[in-house]
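The chain contents come next:
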Amino acid sequence: PTSAQVSAVPQPGRFRYTLDNDVLTTEQRQFYEDNGYLLIKKLVSDEDIERFRKEFVRICKREVKPPGAMIMKNESLKSQYGQSEKVVNKVQDFQEDKELFRYCTLPEVLKYVECFTGPNIMAMHTMLINKLPDSDTQTFLHPMHQDLHYFPFRPAARIVCSWTAMERADQDNGCLVVQPGTHKQPLKPHGYPQWEGKTNKLFHGLLHEDEKIPKVHLVMEKGDTVFFHPLLIHGSGINKTSGFRKSISCHFASSECYYIDVKNTSQEHLEKELVEMVHKKYNATSVELRDIWNFRARLVQGERINL
């Protein structure tokens, strides 16, 4: 058959990045296979999104203080707006916040996650991003990167990110930008981009970006959810509007994944940076990268095997 015709007959070994079940159509599996991402419309309800938004505002106002959560702020706006959502651009590691963590256990999300990870599912990394208006300084531009750069576990094909738009995301307010098909490439060296005074801590980007690879802007409506492979090269633009662009996401992995040693790899400098941060924050002395991930990881379905 030509590439435009998709055979509906399962062919063993044809799909590298998805598992056999009756959730995804053959066309959807082929799309993920070719492109490294799959967009599902209106997956998360408005009611759930409203609950997540309210909880985020409570965290911003310090009415709720989830243990272990990293709350990233634009300090320069603090004097102007105090403790409010106009200052906080990200809540990372919200696994101890019962309300936000509900996102990682939503049956409608896990139903799709299982297509990539299999039945034993760990929620490994959680984020609620509040992209602030940013027309001049480009502080919240996220350089093109591969998420696997941050993860010391493999295999990559059993890891997937679920990313849900909490309101419409488009080119004006800094939607996700992906380079389809790049999930088939190896993990590339990352580091801080050469932007003067415009880098956020741990916002690493590709050191050498191939501008020839086409980029696709993922325009999404509230509740739309994109699932993508950890090697897919992606980033997001700046928010040129006066509003906020919120999204909630979780990286899931099969609990059968295993930890790797990142020494002498392109991920080694990331381990040093993260370990230093943990030393400072918790005064912990002997910490390894896998300890940090063990602390973050939560079983959400099935049984915990390796991770």
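With an unreviewed UniProt entry as reference, the chain is termed Phytanoyl-CoA dioxygenase, peroxisomal, source organism Glareola pratincola. In its Pathway (unreviewed entry) section, the UniProt entry covering the chain states "Lipid metabolism; fatty acid metabolism." For the chain, the Sequence similarities (unreviewed entry) comment in UniProt is given as "Belongs to the PhyH family."

K.L.:
Which residues make up the nonpolar core, and what values do they have?
P.N.:
Nonpolar side chains in soluble globular proteins generally cluster together in the buried interior. Tyr103, Cys104, Val109, Phe227 and Phe252 are the most contacted members of the largest nonpolar core, which has 38 residues in total. Breaking this core down by element, the ones donating at least two residues are β1 (37–40), α2 (46–60), β3 (88–92), α4 (98–101), α5 (107–117), β4 (121–131) and β14 (245–254). Here this core takes six residues from α5, the largest share from any one element. Core analysis: the next-biggest nonpolar cluster, separate from the first, contains 23 residues, Met124, Ala253, Val278 and Leu289 among them.

K.L.:
Just give me the short version of the pairing of β4, but keep the residues and values in it.
P.N.:
The buried fraction of β4 amounts to 11 of the 11 residues, a majority that puts the element mostly inside the structure. As judged from the three bridges shared by β3 and β4, these two strands associate in the antiparallel manner. In the sheet register, Val91 faces β4, and the bridge partner there is Leu128. Sheet topology places β4 next to strand β16 (residues 298–301); three bridges connect them, and they run antiparallel. Note that in β16 the partner of Ile121 across the bridge is Gln301.

K.L.:
Lay out the packing of aromatic side chains in plain terms, naming residues and giving numbers.
P.N.:
Tallied over the full model, the rule gives nine aromatic pairs. Ring centres of Phe151 and Phe153 lie 5.2 Å apart, and the angle between their planes is 15 degrees; this geometry places the pair in the stacked category. Taking 5.3 Å as the distance between ring centres and 90 degrees as the angle between the ring planes, the aromatic pair formed by Phe151 and Trp293 counts as edge-to-face. Here Phe151 is found in the loop between β5 (142–145) and β6 (153–154), whereas its partner Trp293 is found in helix α7 (residues 289–296), with 142 residues between them in sequence. Its relative accessible area of 2% is what places Phe151 among the buried residues. Of the aromatic side chains, those joined through ring pairs into one cluster are Tyr32, Tyr112, Phe116 and Phe227. Here the basic side chain of Arg296 rests over the ring of Trp293, its NZ or CZ set 4.5 Å away from the ring centre.

Conventions used here
Residues numbered from 1 in each chain as written. Predicted model: local features only at pLDDT ≥ 70, side-chain atom pairs only at ≥ 80, totals over all residues. Heavy atoms only, no water. UniProt positions renumbered as here; feature names shortened; annotations may be inferred. Core = buried A, V, L, I, M, F, W, Y, C linked by side-chain atoms within 4.5 Å. Buried < 20%, exposed > 50% of the residue type's maximum accessible area, 1.4 Å probe, protein only. Helix = DSSP H or I, 4+ residues; strand = E, 2+ residues; numbered from the N terminus. Pairing = 2+ DSSP bridges. Phe/Tyr/Trp six-rings, centres within 6.5 Å; stacked < 30°, edge-to-face > 60°. Lys NZ or Arg CZ within 6 Å of the ring centre and 35° of its normal.

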